[in-house]
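Here is how the chains run, residue by residue.
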Amino acid sequence: MYRELYASAQKQEPENRWEDTVLAQSSIDAIEEKLLSAGLPVLDSGEVVPTYLSAGEDFASFLEAVRQGKQASRELISIRRSGDLGYRLFTCEDGQLLVYSMVASITGDADPVYEVHSVLDWELTDRGNFYYSIYPQWDKHYVAYTLIRLEEPDKGLWELNRKYISAGGYVGSNLFLTDWTEEDFAALCFNDLWEYLYRYEHGKQFSPDEYAYRAEGHYFEIPAEEFENLILPYFDIDRETLRIYAGYDPEGHTYPWRQMQSNELAYILHCYTMEPEVTSSRTNPDGTLTMTVQVISTDLKTDCLFSHEVTVRPLEQGGFQFVGNRILSQGKQGLPFCQPRLTWPEAG
């Protein structure tokens, strides 16, 4: 049904020769729309909003039948970034929920891959998120749970998510993990924001290969001009105050930045996924915007690992400044590890 669309689709060559060619999102959208118009149960993806099942109510009815132990089944179709076809059949047989899956190559250069698994655990949350697991929780070679959204995401809120929240991060940065305001930046670690804002500005990961490294402090030296030009526009803070908070070295005219190592991610930090979702927003009398953010963790099967409130100041020509952050709630896991990296012990 979509072979002609695939043939004319805009394709992007991967950076790694071992990876597949990927389609532009506009081409994937066209393919999904064609299949949806034919009445097929297609997972609808997008540039801004996360993938969701447009036939979510029907799938929720199926899950209710599963709860009641009834014989029932539902199909799901997804178009992969490569253009390949993904297929899943969920079926309740003798009280056991099973999922049959298949991936078929659109180019025909590989045989379809078929699998069948028992669903070991599943849950449908009040927010319409269906989590299911097909692997034992102790087996860390695989993801703990898979998430299928059964409700259409709010495009306006997800646009706020893309524009503001995606500029920061939750791993090795306390921007969203501690209370602070622009009246007192003492709790905020500017150094750990370096690679997050670099990625947001340049659309690629920061590489420190050409920067000087201080082994005794376990950090790279970022030239002050580069550091200040990136950080200052996002905060209502003057250069001298930033230098006090961010450990400016007047001799080398640099700022320290510590790169996260893989063993630190495994042992110092957490080992579960986090995905922020803006659930509400309000415009304040002073023109600032305050957003409530709930952090989903698919690995932990929870819609709200913790929540926080972020305030930003929109600026002319599309820019903005972070104004403050406030923690609202947290679950039994608590908040992720958020001590400034320059205080971490040496990686083992």
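As a convention, each chain's residues are numbered from 1 in the sequence order in which they are written. The predicted nature of this model means local features are confined to residues of pLDDT at least 70 and side-chain atom pairs, given and counted, to a pLDDT of 80 or more, with totals for whole chains, interfaces and linings taken over all residues. Processing note: side-chain calculations cover all non-hydrogen atoms of the structure and skip hydrogens and water entirely.

Draft legend 1. Fine view of helix α6 (residues 224–231). Whether a residue is buried, partly exposed or exposed follows from its accessible area with a 1.4 Å probe, protein chains only, as a fraction of its type maximum: under 20%, in between, or over 50%, in that order. Numbering goes from the N terminus for both helices and strands, where a helix is a DSSP run of H or I of at least four residues and a strand is a run of E of at least two. Within the span of α6, buried status applies to Ala224, Phe227, Glu228, Leu230 and Ile231. Each buried residue of α6 sits inside an arc of 165 degrees when the element is viewed along its axis, so together they form one side. Read the arc as the range of directions from the helix axis to the C-beta atoms.

Draft legend 2. Structural context of the pattern of salt bridges. What counts as a salt bridge is simple: a side-chain nitrogen of Lys or Arg found within 4 Å of a carboxyl oxygen of Asp or Glu. Taken as a whole, this structure holds 19 salt bridges when the rule is applied. The partner of Glu195 in a salt bridge is Arg341, with the nearest N and O atoms 2.8 Å apart. With Glu195 in helix α5 (residues 194–202) and Arg341 in the segment after β19 (320–330), this residue pair connects regions lying 146 residues apart in the sequence. Residue Glu195 is classed as buried on the basis of its relative accessible area, which comes to 11%. Accessibility expressed as a relative area gives 0% for Arg341, which makes it buried.

Draft legend 3. Spatial organisation of the sheet that holds β19. The criterion for strand pairing is that DSSP finds at least two bridges linking the strands in question. The strand order across the open sheet built from five strands is β12-β19-β18-β17-β16, with neighbouring strands paired in antiparallel fashion. Bordering the open sheet on either side are β12 (180–181) and β16 (275–283), each of which pairs with just one other strand. Note that strand β18 (residues 302–314) and β19 share nine bridges and pair antiparallel. Looking across to β19, one finds that Glu309 is bridged to Arg326. By definition, residues are in contact when any of their heavy atoms lie within 4.5 Å. Working convention: axes come from line fits to C-alpha atoms, limited for helices to the stretch in contact. Angles between N-to-C directions cover 0 to 180 degrees. Sheet strands in contact with helix α4 (residues 155–163) are β16, β17 (289–297) and β19, and its direction is about 110 degrees off that of β16.

Draft legend 4. Layout of the layout of surface pockets. Using only the protein atoms, space was sampled on a 1 Å grid; points where a 1.4 Å probe fits but cannot get out form cavities, open sets with protein on both sides within 12 Å along at least five of seven lines form pockets, and lining residues are those with an atom within 4 Å of a point. Grid points are joined across faces, edges and corners, and a volume is the space filled by probe spheres set on the points. Taken as a whole, the largest pocket encloses approximately 1,000 Å³ of empty space. Along the walls of the largest pocket sit 37 residues, with Leu43, Ser78, Arg80, Arg88 and Thr146 positioned nearest its centre. Of all the secondary structure elements, the ones that give two or more residues to the lining of the largest pocket are α2 (25–37), β5 (72–79), β6 (85–93), β7 (96–104), β8 (113–118), β10 (129–133) and β11 (146–149). For the lining of the largest pocket, a count of residues per class yields 19 nonpolar, eleven polar and seven charged. When its volume is computed, the second largest pocket comes out at roughly 360 Å³. Around the second largest pocket, the lining is made up of 20 residues, and of these Asn161, Ser166, Met274, Glu275 and Pro276 lie nearest the centre. Of all the secondary structure elements, the ones that give two or more residues to the lining of the second largest pocket are α4 and β16. Sorting elements by how many residues they give to the lining of the second largest pocket places α4 first, with three residues. Asp, Glu, Lys and Arg are counted as charged, while Ala, Val, Leu, Ile, Met, Phe, Trp, Tyr, Cys and Pro are counted as nonpolar; the rest, among them Gly, fall into the polar class.

Draft legend 5. Broad picture of the sheet that holds β6. Pairing in this open sheet of four strands is antiparallel, and the strands run β5-β6-β7-β8 from one edge to the other. Here the strands that pair on one side only, and so sit at the sheet edges, are β5 and β8. Direction aside, neighbouring strands of the sheet carry axes that sit 15 degrees apart on average. In the packing of helix α3 (residues 56–67) onto the sheet, the strands contacted are β5, β6 and β7, and the crossing angle to β5 comes to about 140 degrees.

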